[in-house]
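Geometric and topological summary
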Amino acid sequence: MSLSYNLRFRRMSPAGRVTLEKEGELVLYEKGFRLRGKGANDQGGVVSFSDIKEFVVSDDRIMVHTFLKEHFELSGVGNSFDQLVRDLFKIRNDFLIDALFLKQGKLVAEFDAYFEQSNALERDLGKGRAMVRLYDESIVIVPAEHDAFSLSIHFMSQQEFDDDEYSVSITMENGIVVMLSQFGSNYDDFQEQFYATMSHMYQTVINQFEYQFIDFNKEQLVKLAHLMRKGKAARMKEIAKIDKGLAKKVEECLFKDEMFANTIAPLRSKVDDEHFFIGLSVADGKKEIYKFIVIFALPADNLVACTLGAYEKDIRKVQDTYFFRIVMEYGAAEDFVVQKVFEINQAYLLLNFVPDPFYKDKRELKNSIYKLAIRKLSYLRALRSSFLGRCPSILPELFSRNFDKVLEKSRVALHTPPSVE
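Quantities reported herein were computed from a predicted structural model and do not represent experimental measurements.

Together, Glu160, Asp162, Asp163, Asp164, Glu165, Asp188, Asp189 and Glu192 make up a region of like negative charge exposed at the surface. For the negative patch, the secondary structure elements donating two or more residues are strand S12 (156-162) and helix H2 (187-212). In terms of residue count, H2 provides more of the negative patch than any other element does, three residues in total. Structurally, the position occupied by Glu192 is in helix H2.

Another aspect to go through is the environment of Leu102. Topologically, Leu102 is positioned in the loop between helix H1 (81-99) and strand S8 (107-118). Using a relative accessible area of 7% as the deciding quantity, one classes Leu102 as buried. Sequence separation of Leu102 and Leu351 is 249 residues, and the distance between their C-alpha atoms is 9.4 Å. Beyond its immediate stretch of four places on either side in the chain, Leu102 contacts Leu96, Ile97, Ser138, Val140, Ala148, Phe149 and Ser150.

Moving on, we get to the state of the cysteines. A covalent bond bridging the sulfur atoms of two cysteines is what the word disulfide describes. Under the defined criterion, the tally for this structure stands at zero disulfides. Among the cysteines around Cys306, which has no disulfide bond, Cys391 carries the closest sulfur, lying 13 Å off.

Here the focus is unusual backbone geometry. The phi dihedral of Asn352 is positive, around 65 degrees, even though this residue is not glycine. Locating Asn352 in the fold gives a position in the loop between helix H7 (337-350) and helix H8 (356-359). The phi dihedral of Phe353 is positive, around 65 degrees, even though this residue is not glycine. Note on placement: Phe353 falls in the loop between H7 and H8. Overall, the relative accessible area of 16% leaves Phe353 in the buried class.

Here the focus is the sheet that holds strand S18 (residues 303-312). Read from one edge to the other, the open sheet built from six strands follows the order S15-S16-S17-S18-S19-S20, with strand pairing classed as antiparallel. Looking at the sheet topology across the chains shown, the edges are occupied by strand S15 (234-235) and strand S20 (387-392). Sheet analysis places strand S19 (residues 315-325) next to S20, joined by five bridges and oriented antiparallel. If you follow Thr321 over to S20, its bridge partner there is Cys391.

Following the sequence through the fold, Gln212 ends up in helix H2. Each residue touching Gln212, except ones within four places of it in the same chain, is listed here: Lys249, Cys253, Val282, Gly285, Glu288 and Tyr290.

About the criteria used
Residues numbered from 1 in each chain as written. Predicted model: local features only at pLDDT ≥ 70, side-chain atom pairs only at ≥ 80, totals over all residues. Heavy atoms only, no water. Patch = residues over 30% accessible without salt bridge, like charges linked within 9 Å, V, L, I, M, F, W, Y side chains within 5 Å. Areas by Shrake-Rupley, 256 points an atom, 1.4 Å probe, with all protein chains shown as cover. Salt bridge = Lys/Arg side-chain N within 4 Å of Asp/Glu carboxyl O. Lys, Arg positive; Asp, Glu negative; His and termini not counted. Charge placed at Lys NZ, Arg CZ, Asp CG, Glu CD. Helix = DSSP H or I, 4+ residues; strand = E, 2+ residues; numbered from the N terminus. Buried < 20%, exposed > 50% of the residue type's maximum accessible area, 1.4 Å probe, protein only. Contact = heavy atoms within 4.5 Å. Disulfide = S-S within 2.5 Å. Pairing = 2+ DSSP bridges.

Below, the structure is given as structure tokens:
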């Protein structure tokens, strides 16, 4: 069932020039809204939520900024203004949860709370009442008057519960901090459900690792699970700190196919354990079925490369290798390696192990489920803007030639990816 509001609307160019102004109505749908003037013959036009960049609410009007070459001003709603704001955000947030891949896993529980979000520089990114939805692998914050956002369990670096203040502070790997409070009588329930969800996530990973790495003890595998939540690429040096034999076994899981090992050798020979990252997502440890990601950081060449693939026992399903420039305005490339690896990990894990949004032209993705993600997700936009090229990872000679081409291009600014054979 659609909702409708009588109002006045204006369509404007990016420069602020009014190109249309009418009295009429706004009709809300699941994936957007229609603005139409008075009169039975005026069908108006539909604005898709996937084309909307943001809503800006001030006084008695709403500015709708789009990714296209037009913006809209909504006003004249009268006493229904606050309800329109709530309905706009509620319906659009329902859309964003799917379009931005915010929910990871099944819904565990839902809570009403107050949120405060800030970045690493302590800049306020929003606050207010929100529904807090706990999923198997993420917490989705759905504010009443802000865009919904997600906290992936796999990228949480710290959680601090304050039982005196009935609040929890969650710090993410990228420096984002979210404080949740004012749970009412549900604080203890949230804390219990959160810890249970974290425990279940870790246990699921450990259960498969116990089959995959049967020669290693539980304590070592717990530490490995912490580094490789869901298959996140971890630095080989950190894996070796757990156990050097375990690190060797993890690497063997990647390169047990000789053709792949020979193909990727030019990259592997250029990195040490400080610049070599591996992630394993094990679906069935008994049958040795798993996905993998391997990342090679070459800061001296201003380059990061990653290869995606999978194994079913000894059957290899290696995809392409993707090359990205280390983009920086100042400083040394070495200082930005962790950031680039973080971008790749987020894109790989949160978009369900599909490489298409890494690199495909936005025209190819305009009708795909990634349309809004490539516009709104900062880590994905950063990754796409630094993309240099890709190459099949199963033909040594072809790979070697194209790797040389990428190395030539990685040191200069590119507007288009280098051609590969």
